[in-house]
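Coordinate analysis (summary)
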Amino acid sequence: MAAVQVADSLPSGQPREAPREAIPERRNAFRRLSARLCALRPDDSSSARTEIHLLFDQLISENYSEGSGVAPEDVSALLVQACRLVPLNQNHLVSKVSQLIHHLLNRLQVIVDEQHLDFLLAYTISAIHQCSSWTHMEILQALAALVYCNGSKCQKYLPELLGKTGLLMKLSDLAQSDPEVRRVAVHCMANLCLSVPGQPYLEEPYQNICFQAFLTILQSPKSSDMDDITFCMLLQNALKGIQSLLNGGRMKLTQTDELGALLAVLKKFMFHGLPGLNIEMPTVLYPTPLPQYDGRTPIKPQQSESSASRPTLNKKKKSKVKPKKIQQGEEEEKESSGEIEAASVTGTGRVNLHEGNTWSPSSLGVQSLPLDGSGAAGKDGVSSPFSSSSWKRVSSSESDYSDAEGGMQSKMRSYQAKVRQGALVCFLSTIKSIEKKVLYGYWSAFIPDTPELGSPQSVSLMTLTLKDPSPKTRACALQVLSAILEGSKQFLSVAEDTSDHRRAFTPFSVMIASSIRELHRCLLLALVAESSSQTLTQIIKCLANLVSNAPYNRLKLSLLTKVWNQIKPYIRHKDVNVRVSSLTLLGAIVSTHAPLPEVQLLLQQPCSSGLGNSNSATPHLSPPDWWKKAPAGPSVEETSVSSPKGSSEPCWLIRLCISIVVLPKEDSCSGSDAGSAAGSAYEPSPMRLEAFSSLPNDRQILCITVLLGLNDSKNRLVKAATSRALGVYVLFPCLRQDVVFVADTANAILMSLEDKSLNVRAKAAWSLGNLTDTLIVNMETPDPSFQEEFSGLLLLKMLRSAIEASKDKDKVKSNAVRALGNLLHFLQPSHIEKPTFAEIIEESIQALISTVLTEAAMKVRWNACYAMGNVFTNPALPLGTAPWTSQAYSALTLVVTSCKNFKVRIRSAAALSVPGKREQYGSVEQYARIWNALVTALQKSEDTIDFLEFKYCASLRTQICQALIHLLSLASASDLPCIKEILELNGNMVQSYIVQFLKSGAEGDDTGAPHSPQETDQMVRMALKHMGSIQAPAGDTARRTIMGFLEEILAICFESSGSQGALPGLTNQ
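So, here's what we can say about the structure. (Residues numbered from 1 in each chain as written. Predicted model: local features only at pLDDT ≥ 70, side-chain atom pairs only at ≥ 80, totals over all residues. Heavy atoms only, no water.)

**Some details on the overall build of the protein**
Rule in force here: Each helix is a run of H or I in the DSSP string that is no shorter than four residues. Each strand is a run of E no shorter than two, and both are numbered from the N terminus. Relative accessibility under 20% of the residue-type maximum defines a buried residue, over 50% an exposed one, and the middle range a partly exposed one, all with a 1.4 Å probe and only protein chains included. Per-residue and other accessible areas were derived by the Shrake-Rupley procedure at a 1.4 Å probe size, with only the shown protein chains allowed to occlude residues.
Scanning the protein from terminus to terminus reveals 47 helices and two strands. For the protein, the residues scored as buried account for 54% of the 1069 residues in total. Summed over all atoms, the accessible surface of the protein reaches about 46,000 Å², with 54% contributed by carbon and sulfur.

**Notes on the packing of aromatic side chains**
Our working rule: Stacked, tilted and edge-to-face are the three classes applied to pairs of Phe, Tyr and Trp rings, where Trp contributes its six-membered ring and a pair requires centres within 6.5 Å; stacked means planes under 30 degrees apart, edge-to-face means over 60, and tilted covers the rest. Criterion for a charge above a ring: Lys NZ or Arg CZ within 6 Å of the ring centre, and within 35 degrees of the ring normal.
What the rule picks out here adds up to 13 aromatic pairs. Ring centres of phenylalanine 786 and phenylalanine 790 lie 5.7 Å apart, and the angle between their planes is 25 degrees; on these two criteria the pair is classed as stacked. Judged by its relative accessible area of 5%, phenylalanine 786 falls in the buried class. Overall, phenylalanine 790 belongs to the buried group, its relative accessible area being 3%. Among the aromatic residues, those joined into a cluster by ring pairs are Tyr440, Trp443, Phe491 and Phe508. The ring centre of phenylalanine 119 lies 5.1 Å from the NZ or CZ of arginine 84, which sits over that ring.

**Focus: the nonpolar core**
Note the cut-off: To form a nonpolar core, buried Ala, Val, Leu, Ile, Met, Phe, Trp, Tyr and Cys residues must be joined to one another through side-chain atoms within 4.5 Å. Domain delimitation follows an automatic or database domain assignment.
Formed by 175 residues in total, the largest nonpolar core has its most connected members in Leu140, Leu162, Leu168, Phe214, Trp443 and Ile484. Considering each element in turn, this core owes the most residues, 11 residues, to helix H12 (residues 228–247). Viewed by domain, this core spans two of them, domain 1 (27–251) and domain 2 (447–604), each represented by three or more residues. By size, the runner-up hydrophobic cluster in this structure holds 123 residues, among which are Tyr729, Ala748, Leu796 and Phe826.

**Observations concerning the side chain of asparagine 150**
Definition in use: For this analysis, residues touch if any pair of their heavy atoms sits within 4.5 Å.
Topologically, asparagine 150 is positioned in the loop between helix H7 (136–147) and helix H8 (158–162). Taking relative accessible area as the criterion, asparagine 150 reaches 0% and is therefore assigned buried. If we ignore the near neighbours within four places in the chain, the residues touching asparagine 150 are Ile111, Val112 and Leu117.

**Observations regarding the packing of helix H39 (residues 835–853) against helix H41 (residues 884–898)**
Note the following rule: For helices, the fitted line uses only the C-alpha atoms of the stretch in contact; every axis is such a line through C-alpha atoms, and the angle between N-to-C directions lies from 0 to 180 degrees. Throughout this description, any angle smaller than 35 degrees is read as roughly parallel, any larger than 145 degrees as roughly antiparallel, any in the 65 to 115 degree range as roughly perpendicular, and the remainder as oblique. Note on convention: the crossing is left-handed when the near helix lies turned anticlockwise from the far helix by less than a right angle, right-handed when the turn is clockwise.
Where H39 contacts H41, the axes come no closer than 9 Å and their chain directions differ by 20 degrees. What the angle tells us is that H39 and H41 run roughly parallel. Crossing handedness for the pair H39 and H41: left-handed. Seen from H39, the contacting residues are Glu842, Ile845, Gln846, Ile849, Val852 and Leu853; seen from H41, they are Trp884, Gln887, Ala888, Ala891, Leu894 and Val895.

**Let's talk about the environment of leucine 653**
Along the polypeptide, leucine 653 turns up in helix H27 (residues 652–662). A residue is classified by how much of its surface remains accessible, and leucine 653, at 8% relative accessible area, is buried. Those residues in contact with leucine 653, other than ones at most four positions away along the chain, are Trp564, Leu586, Val590 and Leu603.

**What about the packing of helix H23 (residues 559–567) against helix H25 (residues 597–604)?**
Rules: Three categories are distinguished: nonpolar for Ala, Val, Leu, Ile, Met, Phe, Trp, Tyr, Cys and Pro, charged for Asp, Glu, Lys and Arg, and polar for the others, with Gly belonging to the last.
Close contact between H23 and H25 brings their axes to 9 Å; oriented N to C, the two are set at 30 degrees. When the interaxial angle is binned, H23 and H25 end up roughly parallel. As for the relative orientation of H23 and H25, their crossing is right-handed in sense. Touching Leu559, Leu560, Thr561 and Trp564 of H23 are Glu598, Val599, Leu602 and Leu603, all from H25. Of the residues assigned to the contact of H23 with H25, the class counts are six nonpolar, one polar and one charged.

**A few points about unusual backbone geometry**
You will see that glutamine 109, though not glycine, has its phi angle at about 55 degrees, which is positive. Within the secondary structure layout, glutamine 109 lies in the loop between helix H5 (91–107) and helix H6 (114–130). On the accessibility criterion, glutamine 109 (21% relative accessible area) is partly exposed. Even without a glycine there, the phi angle at cysteine 149 is positive, about 60 degrees.

**Notes on the pattern of salt bridges**
Worth spelling out the cut-off: Salt bridge criterion: a side-chain nitrogen from Lys or Arg within 4 Å of a carboxyl oxygen from Asp or Glu.
Inspection of the entire model under this criterion finds 18 salt bridges. Between lysine 156 and aspartate 118 there is a salt bridge, with the nearest N and O atoms lying 2.9 Å from each other. Taken together, the residues lysine 156 in the loop between H7 and H8 and aspartate 118 in helix H6 connect sequence positions 38 residues apart. Lysine 156 sits in the exposed class, given a relative accessible area of 59%.

**Some remarks on the environment of alanine 48**
Turning to its location among the elements, alanine 48 is positioned in helix H3 (residues 46–61). The exposure class of alanine 48 is buried, given its relative accessible area of 12%. Distance from alanine 48 to leucine 85, taken between C-alpha atoms, is 9.6 Å for residues 37 residues apart in sequence.

**What to know about the side chain of threonine 772**
Assignment of secondary structure puts threonine 772 in helix H34 (residues 758–779). Not counting residues up to four positions away in its chain, the partners in contact with threonine 772 are Met798, Arg818, Ala819, Asn822 and Leu823.

**Looking at the environment of isoleucine 434**
In this fold, isoleucine 434 is placed in the loop between helix H15 (404–433) and helix H16 (436–439). For isoleucine 434, a relative accessible area of 11% translates into the label buried.

Structural data, given as structure tokens:
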């Protein structure tokens, strides 16, 4: 009956291509039903219950979708009213209202506000206590929808949910008889662990409780009463819960047993359901440089794999004559475990990736709103960050789908693949949450070694890359491998196999070298066999990571040659991302331990070798006329090949790079990102500035108008490209002083900053940073009209948007803090005097301080320190007297002494040396803390466990020395005792570093142009002159001590340079 009524209110024959007409219709239907429900009063009569039943059925049956125009607060209010109408003794109605909560929040993508959440949580928890057990699954689904992204607002209910006798702990226990109830209870726990940027994390005791619960579930075998698909969904939810704890909750795995237990279950489920493979894992993996478990399959699976793999492979090679017949957009799921080892192309598989092909759990926005434990789209997005509607398209042969059993098998394979993906993504989060030196203790458990003669290869990440039938899972494995290889140069530097060892044991250096060789072999196998462009990009990026970190000068020759020859055909691949990653890999090869003789020989090879005769890569290439689209003239290959050997012309790789940079853009959007064609067409390169300036005025206006119009596009790819293009346009000198254009661009960018797509927000934040750079450039012009005409209200809007963006993901945050620094620098005295700006300035600086101190990506913290220095350059801000002064300096001094990234330390030291007046440093105590922190930072400038940071040591010392000399040149009489005290303790150390700084200048400094020795010498002289001008009290020895310290520095420098009369006119001041 309800279905009939819904059909009357929303005709099923309504055309799909008229969404603008459908949305008001759906909104009106919701309001009409909501008004009827709100008009009802609690009534226990059978007629009232029937009416409520019918209303619930109609609300559930409506064809809702995100963007239906229904306000989130209206949905929350309706759910509260629905619960008030249903007494807890009516099991059927409680079940129905639970379905309504789950359905509306899921379909309309609503997160319940705090005002209504309290009532709804209390109601659902009471319902679980009081209602029959058959209703528990629906009630738990409603509870999962309510707590999604609301974990921080459920604090008062956590003891009742996650305490020792908590509801979720009991219902997720192994003793729970109903497997579906257990699954949904685990899903509720996973949603509670999901955090939102800017909100408090789950408290540590509850984090540990949930972690142990998830780990127990993953360690427990499947119960006899649970079917395979439910078990897969249970595993997905447990994996997602651990992933959320590691990502959002910032949980640290410090115990070896805890980390080892997690890695053991992750390795087990990385291969869950992989055809032809069944591994048994110990309960705990322990760190060791040698393989503890060979990871081989049990005897029976081994036999079946070894006997069946090769015939299957040969059979498939015969059948794959025309692989291109498979349609784009499909994913070919095959059961054969050995199919990927074929050298020919196996088919195409598409995966929708974020820009840059980087997968991170944080890339999931709140908008995806997974609300249920099932694997279907719209029901359980928490199962894997890669779950999407496209994943359900599984293509196979017709025989697989000829009966119900075949369909069930394909569904089962899909769920098992999602478990493997979930385990890999959880592993990726684990890698990011532990130190690299700890991770490398488990190297042999996940990285392959060259197998002994006659023995099978160990089970590793490369097993998945070569044998998994799902392109997504293969790409996940490559992402994990890349994360392990990133920053591994120090660990891999011990590898050596240049000479054959003939010892009774295998040295560790030889074992690592063997592992590197096997990685090369497997990745090159995967390269020629891969069919998915997106996964192919990941393989090449992984190879680039390996090449960047492997010590080829200590390894046998030919490894780089093989990579070089294999990758050359891919610089002409039809997919732009593959071409870009191929050039990145070639760049990594060229820069490896330069000059490497093997690389020099490779660069001397003619371009044609390897470009057109790789039969394995030929199906990947663009059409034969790919190069013909270029302007007339000899192509890069022709000119290089025809050049004589003794020619002084650059090698083919340089000529290729020059041609890519100089020639007009072509084929900018590949088959994998064809949807962005409209956006790419309007995305100018900065190199085209001259071309834009030469356009007639009406054409320039046309370009700007089209861009501003495209910013409203519903296509997020177009919108992202448009945001980036605006960020380029605003840098053009011919446009940046146009107040109207800058204001229009700012409004467009601010609108994009609120988009639900992370990619759009990231591009908009980058453009906002560029736009604020333009504001600073305009400040430096003699004409003040731009500052006077720029709207103060727009500045307020930009500051508010940048503050909100600074709480977003790292991709957005890094440019948001850059924009905040520029905006605070741009503020004029007329703005700062207004009361409306006082609060927003305080919020902006607090946002910068929190970002400096946060455990975000180093790029984010570097930009935050840079922004803080930018703030200090504005003389109109009350630096030194404002309450935030001490907080800002404390944050920077903490970073300069303790941040593990030296480039961030350098930038914080640079920020500390920006203020130009003594009063801007605040009180004497504050000045003393800054001075002491800089001396401590100088003392610790060589303390690092990361080999890669050593190259920044000299730059860090240079910047700290500049900051110390700058502070001395501003010191007051009251500051001298604290300076003297510190110099008495560490004077020799400080003196030696300042002398070194004076001798070498500020070379390698990343904060600006290097200083000459004459300039640095002048800095010390100015500080000495300032010290001499200070009127110190009678009998005070501090001034004389500091002056003697500076004079001695200058004397040492002049003696070492052989100069006479070092300090004329200064020693007798």
